[in-house]
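Close look at the chain arrangement
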Protein chains: 2
Amino acid sequence: MASESEAQRALQYEQTLMYGRYTQDLGTFAKDEAARLRLQEGDTPRPRRPSELLEYSQGRCAPCRVCALQCQRFLISKVGEDWVFLILLGLVMALVSWAMDFAIATCLQAQKWMYGGLDTNVLLQYMAWVTYPTVLITFSAGFTQILAPQAVGSGIPEMKTILRGVVLKEYLTLKTFVAKVIGLTCALGSGMPLGKEGPFVHIASMCAALLSRFLSLFGGFYENEARNIEMLAAACAVGVGCCFAAPIGGVLFSIEVTSTFFAVRNYWRGFFAATFSAFIFRVLAVWNKDEETITALFKTRFRLDFPFDLQELPAFAVIGIASGFGGALFVFLNRKIVQFMRRQKTINRFLMKKRLLFPALVTLIISTLTFPPGFGQFMAGQLTQKDTLVTLFDNQTWAKQGINDEYEYLGILEAWRHPRSNVFVTLVVFIVMKFWMSALATTIPVPCGAFMPVFVIGAAFGRLVGESMAAWFPDGIHTDSNIYRIVPGGYAVVGAAALSGAVTHTVSTAVIVFELTGQISHILPVMIAVILANAVAQSLQPSLYDSIIRIKKLPYLPELGWGHHEKYNVRVEDIMVRDIRYVTLNCKYRDLQQVLHSTKMKNLPLVESAESMILLGSIERTQVGALLSSQLSPQRRLMTLRHKVLSEDGHRLSDSSIRFQISTETSSGTPARPALRKPLKPALKRVPSSPPDSPPAGSTDHTGIALKSLFCANAATEPTEEEMILGDKMTPAEILEWEEQQLDQVVDFSSAKIDPAPFQLVEHTSLHKTHTIFSLLGLDHAFVTSIGRLVGMVSLKELRKAIEGSLTGKGVKVRPPLASFRDSTASTTEADTTALRQLWDRHQHHHMPREASPGGDDDDDTPKGE
Amino acid sequence: MASESEAQRALQYEQTLMYGRYTQDLGTFAKDEAARLRLQEGDTPRPRRPSELLEYSQGRCAPCRVCALQCQRFLISKVGEDWVFLILLGLVMALVSWAMDFAIATCLQAQKWMYGGLDTNVLLQYMAWVTYPTVLITFSAGFTQILAPQAVGSGIPEMKTILRGVVLKEYLTLKTFVAKVIGLTCALGSGMPLGKEGPFVHIASMCAALLSRFLSLFGGFYENEARNIEMLAAACAVGVGCCFAAPIGGVLFSIEVTSTFFAVRNYWRGFFAATFSAFIFRVLAVWNKDEETITALFKTRFRLDFPFDLQELPAFAVIGIASGFGGALFVFLNRKIVQFMRRQKTINRFLMKKRLLFPALVTLIISTLTFPPGFGQFMAGQLTQKDTLVTLFDNQTWAKQGINDEYEYLGILEAWRHPRSNVFVTLVVFIVMKFWMSALATTIPVPCGAFMPVFVIGAAFGRLVGESMAAWFPDGIHTDSNIYRIVPGGYAVVGAAALSGAVTHTVSTAVIVFELTGQISHILPVMIAVILANAVAQSLQPSLYDSIIRIKKLPYLPELGWGHHEKYNVRVEDIMVRDIRYVTLNCKYRDLQQVLHSTKMKNLPLVESAESMILLGSIERTQVGALLSSQLSPQRRLMTLRHKVLSEDGHRLSDSSIRFQISTETSSGTPARPALRKPLKPALKRVPSSPPDSPPAGSTDHTGIALKSLFCANAATEPTEEEMILGDKMTPAEILEWEEQQLDQVVDFSSAKIDPAPFQLVEHTSLHKTHTIFSLLGLDHAFVTSIGRLVGMVSLKELRKAIEGSLTGKGVKVRPPLASFRDSTASTTEADTTALRQLWDRHQHHHMPREASPGGDDDDDTPKGE
C-alpha cells in the first residue's frame, strides 16, 4: 500500500514555533530586505542601469525605452503588494481549474465515444469501458508515485497541518504541483467516483507557494513566515472557490476545514482572491461558448413563489439525520478499508510489490459494475458525475403520478428509468453501490477528493426522499387555494448539502450548494438538514479529514466538543508532565550529555539553577548537541594542544608514533560518518543510556564519538592541513582524558541560540483555555511555571490525551473531573505561597553558604527519575 | 448631548485578562460547582425530596408524580447543555424580533391611517405627520435616558469591546434590555431612517446574558467566563440572523463586525442558534398569515436564465467604487455631526439642559422634509422603509422605454412617479436627502442602527444606475439571439450590498442580501461590488463601528491593513516602553510606595532583584496597595503596640492624653472615607507626587493616610472595641515614626495575589506578530523579556500608536521602517549574548561580595528616570 509509505514519509515533519522563536534568521532576512529596498527606492545603488541603457539606445526610441523602464520599475514595486499576488493566484488557479475541467470533459467524452462507437459488440464495448479508466488510473497512480508521492490523496489534511505551523517536507513544491495536476486530471478523466475539491485546495496552496517564490525574484516581500501562512489560508479559499465557482462557500469551507482559529483579516483576502478566481473561471466558460452568461455551475430552476411547504420540514429533518448517520458510516468505512489493507500482511506484501495493482483492481471492479448494459443499467451507470448531478437537481418529478401520466423522460434523464423496475429501485441501487464504491475509490493512491462523490450520493438520497414524498402527496401538502406540487429536486439539493456536510463536518456546504445551484430559496431546509447532519455525524465519528490526519499520524489537536463541561474543570496541573529534564545556566557539559541521553524532548528548558528553577528560556535539542560537539571538537582539541605545545616547548615527541595515531583516529571516525545520512532518532537509540553515576571510560569514549558523529554536521569539520598535522599529537587515551576534562567544564551558552520567551502556562489554567492557546498560537509545547519557577511541561501529546481520554472514556490519563478541585482549592494556593516564601527566604539569606555546591546539585538532579 | 455623558460612563470599564489571570476565583467557583454537581448527580445530598413527595402523594397519581419528578430532574440536568441554551436564545429572540416588527408595523400603520384620515386639511395632515414621530422619538429618548442610557445607539461597538474581554458595566442588564427593546420599537415606529440590526445584536447579547443568569438558577454551567464569551459571540449571530431572517449572513456579519480572531467551534454554535431563530421568526409570519410559506423577507423575482450580461459588469464595478466613496463619506459625516454637536459649547450647554430637545428637533426637520404633499413628493416620502426597499427591488423597469410605453405604475410604485419630473430626479433627490438624514438621525440618542438606512440608500443608488443603464440600452446589451432586457432591480440589490458593506467594512452584506432577497443569481456582481466598495472605503475611513468606538473612547486595537509591509519590519524593541517601574522580591514597603506614586500602570512586574531583573510574575496595582495598607493598618499598629505593652509593662501612660488622640485620629480619618465612593483615579491625582529622594515627614504622613484611605476598602477595617481602646495609645508623631519603621521593612509577598505567568514577548517579535498575539489573546499589556530578564513593556497604547502612527503618517512614534534593522542585526544579537554572559558571570561569581547592598540598590533603582 502506498499510503503506508506515504505515512512514514509524512512523519518527517518539523514543528515551526509560531511564537517566541528565536529570530536570528529574521535578522539576516531583514538585512537582505534592507538591501533590496535600498535597491528599489534609492537610485544610488543602481546608478549604472539607466546610463547603460542610454548608451546603447542612442537611436530613435530612447524616450520610449526610458518610459518602459520606469513602467517596469513601477510594476516591480507593485509586485510586492498583496492584491497583485491574490489576483495572480486567482487568475492562475482559474486557468488551471478551467483547463483541467476541459481535459476531464475531453477524457470522458472520449470514453463515451469509444463506448458508443463499439455498440455492435458488447464484449468489445465492455473491454473499452473497463480498460480506459483502468489505464488512466494506473497511469495516474504510477506517475504520482514516481514524481511526487506527496500528491496522493486529498491534501486538505496536510493543509490543515501546515496551517497549524508544521512544516511538511516536499508538500508545496513544483514537482508535487505537476504530479497533482496531471494525476488528478487522469484520475477524474477515468470517470471513477472521485472529487476535485480536496486536491484543488492543495493545488491552490502549492500554486501560492510557487507564485510567492517566483514573485520574490522580482523583489517584494515574500519570505515572511506569518505572511506565507496568511497567503496559504487565502489559497485554500481560492482552491474551493474556483473549483465550484463558489467564492463565499469556498472561503467558509476552507476556514471550517483547515482552521481552528481564523483571523478576520485573512477572510477578506480569501474573499478577494476566491471571487476573482471564480469570476475568471466562469468568464472562461462564457468565452468558450459553453454558457451564454455567467451563471451557476449546476443551475436549478425551482419555482420561487412557493419553494416548499412548512409541513415538508420534517422530511428535510429526516434527510439531515439520516445523512448524519450516513456521513459517519462513510468516514468509518473509508478508515476501515485503509486499516484493513494495511493489516492484511499477505495482501499488503503482494500489493507493496506491485504498487499499481491495487488501483487497477479497484478500477476494474468499479467500472465493471457500472457497465451500462450490465449492472450499470440499474444505477444510471452511463452518466458522468456531472450529468448525474444535473439530472438529480432536475425540476421535474420522476415518479409517475396520478395526474401527469403523460410526462415523458427526456434526454439524459432517460438513464434513470429502467423498463423492468421503477425510479425508486434505481435510486436505492445507485446510493448503495456508489456509497461503498466512493469509500473504496478514495483509498486509491491517486490525487483525489471525496467531496464530490459524497455530494452526488447525498443528492441521490435527497431525490429518493423527495420522490417518495411526491408519490405520497401527489398534489402537495398545502391544500388551501393553489396546488403546489412537491419539488423533489429541492430535496436533492438538501440531501447533497447534508451528506457532504456530515462527512466533512462543515456547515458551509449549505452555502456551496446555493452557489452551485444559483438558488437560495431552500435556505431554511438546507440549513436545518446540514445542522442536524453535523450534530449526528460529529457525535459519532471525526470528520473525513481528521480521520485521514489520524491515519497518517500527522500532528493534530482534537477539537473540544461542545457541551463537554468537564473541560472547564480539568487544569493544566492535572495533565502536565512534572518530571522533565532541564538545563541549568551553570551546568557542565557532562550534564548536557546526560540530559540529551535521558530525554527526547525537542526543546529543553533553561533554568537559572536547580534550586531556584527560574525559567530563563528554552534551548533546542540540536543547539545543545552543537554546544557539546563544539566543546569536544577536534579543532578545540588542537587549539588546546597548540597552547600546550607553545607553553611546554620541550615536550616534543617522536613524530612516527603520532603518524600512526592518525590512521586509527580516522578509521575509528569513518564508520560514524555515514550515520549522518540517517535522521537523528536511530542514531540516538544506538547510544546506551549508561547510569550517570559511574561512567566507565569506554562508554564515555563511545558516547563522545557518537555525539561527534551526531552533531559534527553542525560545526564545520573540514580539517585544514595544519590541523591534520597537529591533530595527531594525542593518543586515544589522551583524547579520552581531554574529553573528560572538557566535559567537566562549565557550559558557555553565549554561542547557543536560546528562545528567550518560551510559552508559559500556570498550573491553574483550565484545559479549555490551554486548548484555545495551543490552537491559537499553533504551539507544540508550553512550560508550566509558578512564579517564575519551572514546574512542568505540557505538550501536544498530553493535551491530546487529556481531550480524547475524557471524550472516549478509554485511556484515561486525566483525573476524574471532580478530583482536580476536591483537594486543590486550598492546597494549591498554599503551594504557591510556599514556593514564593521559599524564593523569598532564599533571597533573604542570599549570602549564606549553601549545603551543596550548585554544580554538584545539578549533577544529582538532572538525571533523576531516569 | 447624552452621548458625551455616555462616553464618560463607558470609560468605567475594566480589562479582564483572558490569559494568565490568577484564578483564585476559579478555585472558589470550582468548589461551588463541585457542590452543585454533587447535588445533581449523587442522590445522597438530596435524600429528602422524593420521600417528602411520596408522603403527601399517597393518593391516586403517585407514579405519575414520580415520573414527573424524574422528567423534571432530567430536564434540569439537560438545562446546562449548550444546545438547550442556544435553542432558548433563538426562540426568545425570534419572538422579540417578531413582536417588535409587529409593533413597529402597527405604529407605522397608525401614522398612515391618521395621515389618510385627515386628507381634507393639509395643515392638520402636516401636524399629524410631524407630531406623531416627534412624540415617539422624544418618548424613546426620554425613556432610554431615564431607564438605562447604555441602551442608546447601535450596540455593536460595545459588543466588539466586550468580546475583546473588556467588561463594560451595565451593558448586559435587564434594565438595559427593557430600555433598548421599548426604545427601539418607538424609534423605528416613528418612521425615521433608523435601523434595527445593530441594536438587535445588543439585544441578543443581553438576552443571552440574562438567559444564562436565569438558567443558572436551575443549575447548569453558566458562570464560566470563556463560555460566556462564546455564548455572546453566538448571540451576536442570532441578533443579525433573526433581524433579517438571514442565518448565514448573520453569522458572518457578526463575525466580521465583532471579532478579530474567530474560533471555528463558536461558528457552529452561531449557525445553530441563528438558523433556529430565523426559522421561528419566519414561521411566526406564516402562522400570522402574513406569508403562505417560509420565504425571504424581501423576495425578488428576477429571471433565472440570464440574470445579467457579462458586459454589464463595468456598471456593477462603478456601483461598487462609488459606494465605497459614499460609505466613507457617510462615516465621516456621522462622526463630524457628533463632533460638531460636542464642540459647539453654546448649543451643547443648551441641549444638555433640555436633553430631549435635540431628538425632537431632528425628528421635526426630517419629518417636515418627508411630508408627502410637500417636499416628500419628490422623494417618495410616503413610503415606509420596508415599502421603499420592496419597490426598489422591484422587477420592472421604471423609466419609460421606447417599446413598452404601455407600462403602468402599479400600487406603491406610484410613489416614485411624479407628474412634473421623472424617476431619475426622484431617485437622486431621495439619495441625497436620505443620505444626510440618515447620518443625522443615527446621532439621536435613541437605540438605533444605521445598517438599514444605508442599505436603502444603497439600493436607491443601485436602482438609479440600473435605470440609467436600462434607458441607455433599451433592448439589453446582449444582442445575439434573444433579447434580455436589463433588470434595474438587480442593480438595486448590488447597490444595497455595496453601500452597507462599505459603511460597515464587511463582505458578508453580500450574503445578507442573498438571504433577504431569496435569490443568489447576482452573486458575482454583488461580490465584485462589495469587494471594490470595501477596498475604497477601508482605505479612506474606519468602519462606522470603529468610528463610534473611537468617539466613545472605548479600548480598541486597530486592524493591520493589508499590504502594509513595514509592519513586518517594526519590532517590539522599536515600540516598547523601556523605562518601567517594577517591584523586586526583596524590596521594602517604601519602594512599593514610591512605585505606586511614580507610575499609573495597572500591573506591575515583579522581578527577582534589580540586578538580575528576572521576571517572576506580575502583581496588580491594587494588590500592591493592599500590601501597603495592611502593613500600615491600625490593626498591625495595635498588634505592635500590644506586644510593646506586654513586654514593657511599666510604660503605662495617662489615659486622658490618649483619649484625646482618638478624636483627632478619627477626625483626620473621616474626610478620607467618602473618597472611597469615588473611582480610584481622582483620589490618586490628589496625592502630590513628591520627589522620592527627599520625603519630608509631613508628606509621608499625608501619603500614609492617603494610602490608607485609598485601600482600606480591601483590608477589613472594622475596628473592634478592643482596638479602639488600644489604638489610641500612640501620638501622631509616634504613628509617623512607627509608619516610617514599617516602611523600612522588607515586603512579605505571601498574602498578595500574583499572576505567575504574565505574557512575555521578545525584543525581536515583529509588530505584526505582536498585533496577532494581542488580538488573539485579548491582551492589555505584555512584558518584554530577554532570557528571563525584564527589558520593557508593551501595552495596547504603544501598539495602537505604532500601528496608527505608521498608517496615517502623523504622530510618528515608530522609527522609520529601515531604522530598526540598519543597526540592529548584529548589535541586538550581541546584546542578547552580552546579557546572557552577564547572567552567567554573575552565577560564576555567585558568592562574591557585591558592590552595594541589594536593598540599597533597589532604593536607588526603582524611582530612576522619574
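Presented here is an overview of the structure given in this document. Predicted, not measured: the structure shown is a model, and the values here were computed from it.

A tally of helices and strands in chain A yields 36 helices and 10 strands. Across the 866 residues in chain A, those meeting the buried criterion constitute 59%. Taking the intrachain contacts of chain A between residues at least 6 apart in sequence as the baseline, contacts between residues at least 24 apart amount to 78%. Approximately 35,200 Å² of chain A is accessible, and the part contributed by carbon and sulfur atoms is 61%.

Another aspect to go through is the environment of A:Ser421. Residues and elements named next belong to chain A. Summarising the element assignment, Ser421 is placed in the loop between helix H16 (385–392) and helix H17 (423–441). Note on Ser421: relative accessible area 21%, which makes it partly exposed. The sequence separation of Ser421 and Ser786 amounts to 365 residues, and the corresponding C-alpha distance is 74 Å.

This part is about the pairing of strand E9 (residues 781–786) of chain A. Residue and element names in this part refer to chain A. A large share of E9 lies buried, amounting to 6 of its 6 residues. Every second residue of E9 is oriented toward a common face, with His781, Phe783 and Thr785 on one face and Ala782, Val784 and Ser786 on the other, all of them buried. Regarding the hand of the β-α-β motif, the stretch spanning strand E8 (residues 760–761), helix H32 (residues 767–777) and E9 is right-handed. The pairing of E9 with strand E10 (residues 789–795) spans 6 bridges and is antiparallel.

The subject of this paragraph is the pattern of salt bridges. Residues and elements named next belong to chain A. For the structure shown, the criterion picks out 18 salt bridges over all chains. Ionic pairing is found between Glu230 and Arg269, a salt bridge with its closest N-O pair at 3.4 Å. Linking Glu230 in helix H10 (residues 225–244) with Arg269 in helix H12 (residues 264–287), this pair joins segments that are 39 residues apart in sequence. Arg269 carries the same exposure label as Glu230, and that label is buried. Of the charged contacts, one joins Glu467 and Arg463 as a salt bridge, the two residues approaching to 3.1 Å between their closest N and O atoms. Highlighted residues: Glu467 and Arg463, both in helix H18 (residues 451–472), separated by 4 residues, approximately one helical turn. Across the pair, exposure class does not vary: Glu467 and Arg463 are buried alike.

It is worth spelling out the packing of aromatic side chains at this point. Counted under the stated rule, the structure contains 34 aromatic pairs over all chains. Taking the centre distance of 5.5 Å and the plane angle of 40° together, the rings of A:Phe244 and A:Phe451 count as tilted. Here the residue A:Phe244 occupies a position in helix H10, and A:Phe451 occupies one in helix H18, the gap between them amounting to 207 residues. Here A:Phe451 falls in the buried class, since its relative accessible area comes to 3%. Ring geometry for B:Phe253 versus B:Phe451: centroids 5.3 Å apart, planes at 75°, classification edge-to-face. Of this pair, B:Phe253 sits in helix H11 (residues 247–258) while B:Phe451 sits in helix H18 (residues 451–472), and the two are 198 residues apart along the sequence. With respect to burial, B:Phe253 and B:Phe451 carry one shared label: buried. Through a chain of ring-to-ring contacts, three or more aromatic side chains come together here, namely A:Phe244, A:Phe253, A:Phe393, A:Phe451 and A:Phe455. In this structure, B:Lys196 packs its charged tip against the face of B:Phe200, placed 4.8 Å from the ring centre.

Moving on, we get to the sheet that holds E10(A). Strand order in the open sheet formed by 3 strands is E8-E9-E10 (chain A), and the pairing between neighbours is mixed. One side of each edge strand has no neighbouring strand; the edge strands of this open sheet are E8 and E10 of chain A.

Of all hydrophobic cores here, the largest spans 324 residues; its most connected members are A:Ile203 and B:Ile203. Setting aside its immediate chain neighbours within four residues, B:Ile203 contacts B:Met93, B:Val96, B:Met100, B:Phe177, B:Lys180, B:Val181 and B:Leu184. A:Leu596, A:Leu790, B:Ile614 and B:Ile787 belong to the second-largest nonpolar core, a separate cluster that totals 64 residues.

This part covers the pairing of E10(A). A large share of E10(A) lies buried, amounting to 6 of its 7 residues. A loop of 2 residues connects E9(A) with E10(A), the two strands running antiparallel in sequence, and A:Ile787 in this loop sits at a positive phi of about 50°.

Looking now at the side chain of B:Thr426. Residue and element names in this part refer to chain B. Structurally, Thr426 is set in helix H17 (residues 423–441). Note on Thr426: relative accessible area 1%, which makes it buried. Each residue touching Thr426, except ones within four places of it in the same chain, is listed here: Phe378, Met379, Ala380, Trp416 and Ser421.

This part is about a nonpolar patch on the surface. Residue and element names in this part refer to chain A. A cluster of nonpolar side chains, Phe139, Leu174, Val178 and Ile182, forms an exposed patch at the surface whose accessible area comes to about 330 Å². Considering each element in turn, the nonpolar patch owes the most residues, 3 residues, to helix H8 (residues 174–189). Positionally, Ile182 belongs in helix H8. For Ile182, a relative accessible area of 33% corresponds to the partly exposed category.

Next up on the list: the packing of helix H25 (residues 589–598) of chain B against helix H32 (residues 732–743) of chain B. A pair of packed helices is captured by two measures, namely the crossing angle of their axes and the spacing between those axes. Residue and element names in this part refer to chain B. The interhelical angle for the contact between H25 and H32, taken along N-to-C directions, is 90°, at an axis separation of 6 Å. If you check the angle between H25 and H32, you find them roughly perpendicular. Together, Tyr589, Arg590 and Gln593 of H25 and Glu740, Gln742 and Leu743 of H32 make up the contact between the two elements. In terms of residue class, the contact of H25 with H32 is made up of 2 nonpolar, 2 polar and 2 charged.

Attention now goes to the sheet that holds strand E4 (residues 583–584) of chain B. Residues and elements named next belong to chain B. Read across the open sheet, the 4 strands follow the order E4-E5-E6-E7; overall the sheet is mixed. The sheet is open, and its two borders are formed by E4 and strand E7 (754–755), each paired with just one other strand. Helix H26 (residues 621–631) rests against strand E5 (603–607) and strand E6 (615–620) of the sheet, and its axis sits at about 80° to E6.

This next bit is on unusual backbone geometry. Residues and elements named next belong to chain B. At Ala245, a residue that is not glycine, the phi angle is positive and equals roughly 55°. Residue position: Ala245 is located in the loop between helix H10 (225–244) and H11. Look at Ala245 and you get buried, because its relative accessible area is 12%. Phi is positive for His505, which is not a glycine, with a value near 55°.

Each value, and the rule that gives it
- Residues numbered from 1 in each chain as written.
- Chains lettered and ligands numbered in written order.
- Predicted model: local features only at pLDDT ≥ 70, side-chain atom pairs only at ≥ 80, totals over all residues.
- Heavy atoms only, no water.
- Helix = DSSP H or I, 4+ residues; strand = E, 2+ residues; numbered from the N terminus.
- Buried < 20%, exposed > 50% of the residue type's maximum accessible area, 1.4 Å probe, protein only.
- Contact = heavy atoms within 4.5 Å.
- Areas by Shrake-Rupley, 256 points an atom, 1.4 Å probe, with all protein chains shown as cover.
- Right-handed = clockwise from strand over helix to strand, strands pointing away.
- Pairing = 2+ DSSP bridges.
- Salt bridge = Lys/Arg side-chain N within 4 Å of Asp/Glu carboxyl O.
- Phe/Tyr/Trp six-rings, centres within 6.5 Å; stacked < 30°, edge-to-face > 60°.
- Lys NZ or Arg CZ within 6 Å of the ring centre and 35° of its normal.
- Core = buried A, V, L, I, M, F, W, Y, C linked by side-chain atoms within 4.5 Å.
- Patch = residues over 30% accessible without salt bridge, like charges linked within 9 Å, V, L, I, M, F, W, Y side chains within 5 Å.
- Axes fitted to C-alpha atoms, helices over the stretch in contact; angles between N-to-C directions.
- Parallel < 35°, antiparallel > 145°, perpendicular 65-115°, else oblique.
- Nonpolar A, V, L, I, M, F, W, Y, C, P; charged D, E, K, R; others polar.

Function-wise, these values are silent; they only describe arrangement.
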